[in-house]
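Here is how the chains run, residue by residue.
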Amino acid sequence: MLSRVAESLYWMARNVERAEDLARLIDVTAMRAVDHADDAGERWLSAYNIAGMDVPESHGLSARSTALEAIVFDVDSRLSVAACVRIARQNAVGVRAELTTEVWECVNGLYLFVEAQSPRAVGPDGVSTFLRSIRDTAQAFGGLCDATLAHDDAWEFLRIGRSIERARMTSRVLREIRDDDGPHVWQLVLEACCATAPFARARSQSSDPAEALAFLALSPVFPRSLRFCARQIDRALHRLSGAPAGTFADTSERASGRICASLDFAGQADLAREGTSEFADRIGAQIDELGSSIVSTYFPRVPVR
Amino acid sequence: MRFTIAHRTRYRYPTPVHESHTICHLQPRSDITQYCTRYELSVSPRTRVFSYADRFANDVQHFAILPEHDMLEVVARSQVVTARGPGVAPQAMARALVDDDPVLDELYDFLTESRYVKFSEPLDALLAEIGAPGRDDDVVAWFAHASWTLNRQFVYDKTTTSVQATVEESVRLRSGVCQDFAHVLIALCRRTGIPARYVSGYIHSGDDEMLGAEASHAWAEAYLGPRGWIGIDPTNDTWIGDQFVRVATGRDYRDVSPVRGVYTGASSSILSVDVAVDALSPQQQQQEQEQLRQQEHQQQ
Amino acid sequence: MRSILDRYAPAPAFDEFAEADGRPRPHYAELAATLAGISAADFRHRVTTVNGVLLQRGVTFTVYADARGTERILPFDLIPRIIAASEWAHISRGVSQRVRALNAFLKDVYGEAKVLRDRIIPRTLVYSSEHFEREAIGVRPPHDTYIHVSGIDIIRDAHGEYLVLEDNVRTPSGISYVLENRDVLKRAFPRLFDRYDPLPVDDYPQRLRNALAAAAPPSVGDPTIAILTPGIYNSAYFEHTLLARRMGVELVEGTDLIVRDNIVYMKTTRGLQRVDVLYRRVDDDYIDPLYFKADSTLGVSGLFDAYRSGNVTLANAVGTGVADDKAIYPYVPALIRYYLGEEPVLRNVETFDCSDPAQRDHVLRNMPFLVVKRTAASGGYGMLIGSHSTVGERAEFADAINANPRDFIAQPIITLSAHPTVVGEEIAPRHIDLRPFALLSGDTVDVPAVAFTRVALREGSLVVNSSQGGGSKDTWILAD
């Protein structure tokens, strides 16, 4: 398929995923801030870190509304929810012919919905509902991609985009963990990764933070764990190149293979030894590198060497 | 006369560019008044060079460099023998012979405006000053007079105009480089109904200090009916003789610019051009002929 | 029961539907009977159904430039235009003849130029055409085919005679409406289709594909075809996507292509893939910044080199615009005689060439009774309809004509034929035209039974262009 089309699909999926993840993060952080007012400032700062954004000056005055404005609505930042939705839709426009009506309408609908909103229009009481709508639509997008598009190369690029962004988000959330954080923090972390119930089911009654973190990093079955995402990417890359699993045909496959290996053979003890934050940071950096090498393999700016 | 010519064009880009496509009008023409015995174009970075003849029968080379590069160098080396003798005026001839020439209809492009040759009020004023030739006037003399007027009134100045100077600007400023002198003279001819075209080439300075010798040169040719295409160099106010080497002809500079191209990347580039036109001394000529004869022997 | 046809009064023009005495023409009898059997309420229901379908499809056909992601749908009229087999045979013969002559003209004018030396057409007119492409002189496209796809605009005068109004041999559009209109109408009048059984239109993409494949450079066995679009902001973008999908070919933008060693490639996720035929919907001026507009970002550097080398087919070829220049149009009958030795099957509309002093005088003296057109314009722009113009507008055009006579032609105002059209709750006559599409490969012209009928929705209006308040109709061409 055309590199331009593949690239647009990739960025469309990444940006929808990011919008969903940020919306959830903000919602969860706002909820927890109500229960733990003493810790709220700290948690909002952490949210900026996860979003990869600088903390605005007005943070000290009203942490919640500033965060909402910056992380959700600020379209100038390119990193906010609204900006991601806009970029996703821009990419969708360029590949409209490749999408089904369902997928296109979903992205376009999400865009129109977010564009029509503002912090004032949403109001303090409407924030959670608003963020939930974004999450729902973004999740519907993933479902429609899976259910209405042929699972060909185009779909693999969507899967790669989604998984890379998901892995990055999980790694950034994990990176924010400190050893002395209380149970409410790792509860928040689980919620931000949509992992409360899956973790409870996997480790019934466990309340060991270390175990929760290991679950987010290393679970082979939880769809937002680093390991699961890395596997998705690796599989997609191999389907694209046709190279047998366990081998590599290009730099991106080598990078994904390396990440998979280090996650496949890591255990909870390794995490504890290296420190969760450091571990997540290291894997996060590797995933970013993988992202760049996918870009240069499949969408090279200069296609001829 | 026999010349060796080296024409080097070099672009440097502050940040790497890619997908550059370039076309060159650098190959001297071979016709009844001159013959190009050797021509070689080398391009760095290395790439395949393609060639075709354009609609003016110029031999054009073009090439692409697709990977990133921060420098492009094009060197054209040629050897040319000219055999038109010293530049002298052709025989006098009534303008009517141009007007009544049946070929005139086919010369539409040399009678009308083109990208760099546009008509304007200042041009008309200049034409009025020179005086348009009537049917019975000597068109050869008029052509010479127009060239002489430009040469006398216009200042040769490299600083006043850019490559994109229009005829109107040049006439207003009464200054320019060889290209502008040629464009203005062509515009005067066309405005008064005499077909005229642009010639790019080289001039060998020799002992007389000729302007335009250190770079590629340009002049004008007018279609003077039975006399054919007659060249004159308004920059030096001289008929085209042996010291001139014709490279390409077209409507104006745009059709025959020596090197031009497009690329993706940096918004600016630094251009440097060197041209060396050397005449071979009789001794050198003899030596070379000797060499050629030996080569022929070996081939046999 | 009150039928929606009860109050139909034929127009003061050639009425496609009704005879002079008001009775339906034979090939419209079934339609009349069907419409008579439909109550106003039922008809309203069908209109709603169709609009629903259109809306649904409209989502597919979004004008993406619009921030809302909404689209401007060409208004679609529910009443089909029906063309009898014998009439279509006549039209298609005329279109085919015209396309062959225009192609021969292009081959000549960019080659030996005999037509100019023989003074069949003034050189000045050709060389001063905005679309005469000098770079194309001496460049021979594969199989000498220039006009792979054309759309010839045809009207009917007051006597019902089919006349050619203008030729479109650059990048004519409208085929997507033809395909969509048929799909939509099938839902509204399924039973009527059984009675008429119009020739199908949905094989057009395959026929276009065949014509393009046949146009590939001779050395290519199984050619790769792609459609080159200017991109999402082009008004016909949806047509490009529709054709790409139905033809099963890649839809590419300029940035998707690269030229290496005079060969065109697409940039794909599996590396470079050679392209042999480009059905390009990008104008000549924009196809290659090296040779044409240098600031064009829609084209591909080096594309013209690949074309000159014969390594890629551009459809249509470079420079076809000179053949549909409105100042050349008056000479087309002469070109038909010159190249084919035949009499034109379809006549031209009488045309005054403003570059000729005598004709210009006539035009300037009779402006209220003429249509004045800019020779290089299309789409209903740059046009003055004398009878509908103000003194000021006429003065403006007169000044423009005097300043650049070459840029204008004028024609008598022709009352286009009229056709029953839904207007609010009623059916009333509205003026229409017809654009058949022709596909040329080698010496053979394929005129598929697809034609685009445009209708001027405003009462009395003679301008059918979509940009000027026109709509469209499904066009039924009947089999023998």
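Residues numbered from 1 in each chain as written. Chains lettered and ligands numbered in written order. Predicted model: local features only at pLDDT ≥ 70, side-chain atom pairs only at ≥ 80, totals over all residues. Heavy atoms only, no water.

(A) View of the domain arrangement of chain B. Residue and element names in this part refer to chain B. In terms of domain boundaries, chain B breaks down into domain 1 (2-82 + 257-299) and domain 2 (96-255). The C-alpha-based centres of domain 1 and domain 2 are spaced at 25 Å. Residue-level contacts link 22 residues of domain 1 with 20 residues of domain 2. Of the roughly 1900 Å² buried at the junction of domain 1 and domain 2 (both faces included), carbon and sulfur atoms supply 53%. On the surface where domain 1 and domain 2 come into contact, there are one salt bridge. We note a salt bridge from Asp31 to Arg246, for which the minimum N-O separation is 2.6 Å. Here domain 1 is connected to domain 2 by ten residue pairs in polar contact (both at pLDDT 80 or more). Of all the elements in the fold, those that place two or more residues in the side of domain 1 that touches domain 2 are strand E1 (2-24), strand E5 (69-82) and strand E14 (270-279). No other element matches E14, which puts four residues into the side of domain 1 that touches domain 2. By residue class, the composition of the side of domain 1 that touches domain 2 is ten nonpolar, seven polar and five charged. (Domains from an automatic or database assignment. Contact = heavy atoms within 4.5 Å. Buried area = accessible area lost by both parts, 1.4 Å probe. Salt bridge = Lys/Arg side-chain N within 4 Å of Asp/Glu carboxyl O. Polar contact = N/O pair within 3.5 Å; in protein donor to acceptor, adjacent residues only side chain to side chain. Helix = DSSP H or I, 4+ residues; strand = E, 2+ residues; numbered from the N terminus. Nonpolar A, V, L, I, M, F, W, Y, C, P; charged D, E, K, R; others polar.)

(B) Structural context of the pattern of salt bridges. Residue and element names in this part refer to chain A. Under the defined criterion, the tally for this structure stands at 74 salt bridges over all chains. Arg224 is paired through a salt bridge with Asp21; the nearest N and O atoms lie 3.1 Å apart. One end of the pair, Arg224, is in the loop between helix H10 (209-218) and helix H11 (226-241); the other, Asp21, is in helix H1 (residues 3-35), with 203 residues separating them in the sequence. Accessibility expressed as a relative area gives 8% for Arg224, which makes it buried. Asp21 gets classed as buried once you look at its relative accessible area, which sits at 3%. (Buried < 20%, exposed > 50% of the residue type's maximum accessible area, 1.4 Å probe, protein only.)

(C) A look at the side chain of Thr192(B). Residues and elements named next belong to chain B. By the element assignment, Thr192 lies in the loop between helix H5 (178-191) and strand E8 (196-203). Classification of Thr192 as buried rests on a relative accessible area of 11%. Setting aside residues no more than four positions away along its own chain, Thr192 makes contact with Arg95, Leu127, Ala132, Pro133 and Trp142.

(D) A look at the packing of helix H3 (residues 139-153) of chain B against H5(B). All names here are of chain B. Where H3 contacts H5, the two axes come as close as 10 Å, and the packing angle between them is 140°. It follows that H3 is oblique to H5 by the angle criterion. In the crossing of H3 with H5, the sense of the turn from one axis to the other is right-handed. In contact with Trp142, Phe143, Ala146, Ser147, Leu150 and Asn151 of H3, H5 contributes Phe181, Val184, Leu185, Leu188 and Cys189. When the residues that make up the contact of H3 with H5 are grouped by side-chain class, the tally is nine nonpolar, two polar and no charged. (Axes fitted to C-alpha atoms, helices over the stretch in contact; angles between N-to-C directions. Parallel < 35°, antiparallel > 145°, perpendicular 65-115°, else oblique. Left-handed = near helix turned anticlockwise from the far one by under 90°.)

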